[in-house]
Structure formats: structure tokens, C-alpha cells
Amino acid sequence: MRSAVYYSLMLLLGFAWYQFGQNPLRKGYREENGRLTQGIVGPVGLLVTAVVACGLLFALLRALFRGEVSCLGRGCTMQIYTLAAHAGEYWANVFYLAWMVLGLGYAMYVTSKIWFRV
């Protein structure tokens, strides 16, 4: 039951993040008060987001290829979940990594789409 609530909340968070990103794209070039539409992150934020997203993508690909993932919580520091021994925890952490990569990638997409409008 806890897993169902967890995945439902993650899907709800993803939908909210998608709607949050679509709002600046719908506004056009300028906002109501005449200022240029701003992206989700600025130039430095885009670089930081790209570095974090690439790190998480590396961890995700490593987890998928090796069949083991490090625990991502505070209570299980230095614990490794393998696909053979801890399948539920493994897929929960892989799902979390994938969700973070998708969320950060979407933020970079929306920002670059706003910056490079023709």
C-alpha cells in the first residue's frame, strides 16, 4: 500500500511539474507587464542543473547495467541494493533516479525552448 501511495504521489508531482513548465511556454515572448518571459532556471542554474542531471543519468545507467544501486536515503547510507536480492528497493531507487533525470531534463528543455525562440 505504501508503494502505491509513493508512486501515485510521484506521478502527481510529475504532472504538476509538467504544468509548471507549460505556463511559461504558453505566455509567448512577453508577460502581461511587458517583461520578457523568463525560463525556469537562469544561466548559472542551467549549468548546475545540467551537471546534476548528468550525474544522476550516470548513476541511473550504472544501476541498470550493473544491476545494483546505492541507497538514496539518509537512513540507509552506504547500502547497496541488488536486483537479485532486493528487487523492490532496487526498482524504487531506479524509478526515483529516472524521475529526477526526467524532471531536470524537462526544466532544461523549457528554459532552452524559451531562450531560443525565433
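Described below are features of the structure shown in this document. (Residues numbered from 1 in each chain as written. Predicted model: local features only at pLDDT ≥ 70, side-chain atom pairs only at ≥ 80, totals over all residues. Heavy atoms only, no water.)

## With respect to the nonpolar core
The condition that has to hold: Residues belong to a common nonpolar core when they are buried Ala, Val, Leu, Ile, Met, Phe, Trp, Tyr or Cys residues joined through side-chain atoms within 4.5 Å. We call a residue buried when its accessible area falls under 20% of the maximum for its residue type, exposed when it is over 50%, and partly exposed in between, using a 1.4 Å probe and counting protein chains only. Note on conventions: DSSP H or I runs of at least 4 residues are helices, E runs of at least 2 residues are strands, and numbering of each starts at the N terminus. Should any heavy atoms of two residues lie within 4.5 Å, those residues are considered in contact.
With 9 residues, the main nonpolar core is built from Leu60, Ala63, Val69, Cys71, Cys76, Tyr81, Tyr90, Val94 and Leu97. At the level of elements, helix H2 (43–66) and helix H3 (87–115) are the ones that each hand at least two residues to this core. Considering every element that reaches this core, the biggest residue donor is H3, with 3 residues. Those residues in contact with Tyr81, other than ones at most four positions away along the chain, are Gly67, Glu68, Val69, Cys71, Cys76, His86, Glu89, Tyr90 and Asn93.

## A word on the packing of H2 against H3
Stated formally: Comment: axis = line fitted to C-alpha atoms, over the contacting stretch for helices; angle = value between 0 and 180 degrees taken between N-to-C directions. For classification purposes, angles smaller than 35 degrees are called roughly parallel, those larger than 145 roughly antiparallel, those between 65 and 115 roughly perpendicular, and all remaining angles oblique. When the near helix sits turned anticlockwise from the far one by under a right angle, the crossing is termed left-handed; a clockwise turn instead gives a right-handed crossing. Put simply, Ala, Val, Leu, Ile, Met, Phe, Trp, Tyr, Cys and Pro go in the nonpolar bin, Asp, Glu, Lys and Arg in the charged bin, and everything else, Gly too, in the polar bin.
Where H2 meets H3, the axes come as close as 9 Å, and the angle between the chain directions of the two elements is 150 degrees. Judged by the inter-axis angle, H2 sits roughly antiparallel to H3. For H2 against H3, the interelement crossing comes out left-handed. Between H2 and H3, the residues in contact are Pro43, Leu46, Thr49, Ala50, Val52, Ala53, Leu56, Leu57, Ala59, Leu60, Ala63 and Leu64 and Tyr90, Trp91, Val94, Leu97, Ala98, Met100, Val101, Leu104, Met108, Thr111 and Trp115, respectively. For the contact of H2 with H3, the per-class residue count stands at 21 nonpolar, 2 polar and no charged.

## Focus: the side chain of Thr111
Structurally, the position occupied by Thr111 is in helix H3. Taking the relative accessible area as the measure of exposure, Thr111 reaches 0% and is therefore buried. Apart from residues lying up to four places away in sequence, Thr111 is in contact with Gly39, Ile40, Val41 and Leu46.

## Considerations on the layout of surface pockets
Counted only if it meets this: Method remark: on a 1 Å grid restricted to protein atoms, a set of points is classed as a cavity if a 1.4 Å probe fits but cannot get out and as a pocket if it is open with protein on both sides within 12 Å along at least five of seven lines; lining residues have an atom within 4 Å of a point. Grid points are joined across faces, edges and corners, and a volume is the space filled by probe spheres set on the points.
Here the second largest pocket is characterised by a volume of approximately 280 Å³. Along its surface, the second largest pocket is lined by Met10, Leu13, Gly14, Trp17, Tyr18, Trp99, Met100, Leu102, Gly103, Leu104 and Tyr106. When contributions to the lining of the second largest pocket are tallied by element, the ones reaching two or more residues are helix H1 (2–27) and H3. Counting residues per element, the lining of the second largest pocket draws most heavily on H3, at 6 residues.

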